[in-house]
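Descriptive analysis of the structure
Single-letter residue listing:
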Amino acid sequence: MPKLKIAYSPCPNDTFVFDAWAHGRVPGAPRLDVTFADIDLTNGWAAEGDAPYDVLKVSYAVLPWILDEYALLPCGGALGRGCGPLVLTREAGLDLTGKTVAVPSERSTAYLLFRLWAADTVPGGVGEIVVLPFHEIMPAVRDGKVDAGLVIHEARFTYGNYGLHALADMGEHWEHTTGLPIPLGAIVAKRSLGEETLRLLAESARTSVRMAWDDPSVSRPYVLEHAQEMDPKVADQHIGLYVNEFTADLGEAGYAAVRGLLTRAAAEGLVPPLGPDSLRFP
């Protein structure tokens, strides 16, 4: 089999999950040609359908637009509890009515959770939404270029370094209102690869994450190489939060969370409705 083209982020959870597979240590797994890309790019590539990638890490929020072409793998992604996006501000308790908010992507799960939260808690509605690369959001809030920022990943551990306040936790709101874990990032693969290859991809991802758990020190050079000057302790916290039992297998609770998010978002008119078998694998 020729190398499969895959794109995922340089974030520690993705490099931790894919280290063994990307470096040819998963027995029987297809070889990978890896591209690192921000989630906004991979979401766009998947939704536009014209990028030459067989496998992509995307936001769960983009699934309703891509499931005709891509299948959701039941492993490899990011879903959990206590790991949701945060809304950060310079002033504690800021009213976001009419305010400018920076977000990492309008196609992201973070933004979808933000929209659902805002519908419940900001009756006057927020103002302008500005899309910025993830690493620019906290500096933009700190410097007053935007009123608030929606952040993900390791920002949960570092926002205090920028003198910022956590106005609200999107995951906390989601868990409180639904009782479900928080769906964040998904691994999808082209349906045209065929069912046998899709099953092999899922098993390869599952084996890769279990190998990383068995000996985390093996993946550490790959993780830190791509962590963009991240403190190693923060990288470890990042992995500990976003790589969990749902990464190895979504299971019933994981699938319920994905359906719950996308069904509720469709009811609010934020995404197209899912077909009855859209999430079936393979």
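Preceding this paragraph is the structure being described.
Reading the values: rules and limits
- Residues numbered from 1 in each chain as written.
- Predicted model: local features only at pLDDT ≥ 70, side-chain atom pairs only at ≥ 80, totals over all residues.
- Heavy atoms only, no water.
- Pairing = 2+ DSSP bridges.
- Helix = DSSP H or I, 4+ residues; strand = E, 2+ residues; numbered from the N terminus.
- Axes fitted to C-alpha atoms, helices over the stretch in contact; angles between N-to-C directions.
- Contact = heavy atoms within 4.5 Å.
- Phe/Tyr/Trp six-rings, centres within 6.5 Å; stacked < 30°, edge-to-face > 60°.
- Buried < 20%, exposed > 50% of the residue type's maximum accessible area, 1.4 Å probe, protein only.
- Arc of directions from axis to C-beta.
- Core = buried A, V, L, I, M, F, W, Y, C linked by side-chain atoms within 4.5 Å.
- 1 Å grid on protein atoms, 1.4 Å probe; cavity = no way out; pocket = protein on both sides within 12 Å on 5 of 7 lines; lining within 4 Å.
- Points joined across faces, edges and corners; volume = space filled by probe spheres on them.
- Nonpolar A, V, L, I, M, F, W, Y, C, P; charged D, E, K, R; others polar.

Taking strand neighbours across the sheet as the criterion, the 5 strands line up as β8-β7-β9-β6-β10 in an open arrangement whose pairing is mixed. Whereas interior strands pair on both sides, the edge strands pair on one side only; in this sheet they are β8 (129-131) and β10 (165-169). Neighbouring strand axes in the sheet, compared pairwise and without regard to direction, differ in orientation by 30° on average. Here strand β7 (residues 101-103) pairs with strand β9 (residues 148-151) via 2 bridges, running parallel. Following the sheet pairing, A102 is matched in β9 by G149. Across the sheet, helix α5 (residues 134-142) is in contact with β6 (86-89), β7 and β9; its angle to β9 comes to roughly 160°.

Turning to the packing of aromatic side chains, a few remarks are in order. A complete count under the given rule lists 7 aromatic pairs for this structure. When the ring of W45 is compared with that of Y53, the centres are 4.9 Å apart and the planes differ by 20°; the resulting orientation is stacked. Here Y53 falls in the buried class, since its relative accessible area comes to 12%. One aromatic cluster in this structure is built from Y8, F18, W21, F36 and Y222.

What follows deals with helix α9 (residues 216-225). Buried within α9 are the following residues: S219, Y222 and V223. Considered in projection along α9, the buried side chains sweep an arc of 100° and stay on one side of the axis. α9 presents P221 and E225 as exposed residues on the side facing more than 90 degrees away from its buried surface. Structurally, α9 contributes buried residues whose contacts are with β1 (4-8), α1 (12-22), β2 (32-36) and α10 (232-242).

Here the focus is the nonpolar core. V58, Y60, L63, L96, F114 and W117 are the most contacted members of the largest nonpolar core, which has 67 residues in total. Take this core: its biggest share by element is 8 residues, from helix α4 (residues 109-121). In contact with F114, other than residues within four places in its own chain, are V87, L96, V101, V126, I129, L150 and M170. Membership of the second largest hydrophobic core comes to 32 residues, among which are F18, L198, V234 and A248.

Looking now at the environment of P64. Residue position: P64 is located in helix α3 (residues 63-66). For P64, a relative accessible area of 17% corresponds to the buried category. As for P64 and L262, which are separated by 198 residues in sequence, their C-alpha atoms are 7.7 Å apart. Once residues lying within four places of it in the same chain are set aside, the contact partners of P64 are L262, V271, P272 and L274.

Let's shift gears to empty space enclosed by the protein. Applying the stated rule across the entire model yields 1 cavity of 30 Å³ or more. Looking at the largest cavity, the residues that line it are Y60, L73, P74, C75, G76, G77, A78, L79, A186, I187, F246 and L250. At the level of secondary structure, the elements contributing two or more residues to the lining of the largest cavity comprise β5 (78-80) and β11 (182-190). Its residues assigned to classes, the lining of the largest cavity shows 10 nonpolar, 2 polar and no charged.

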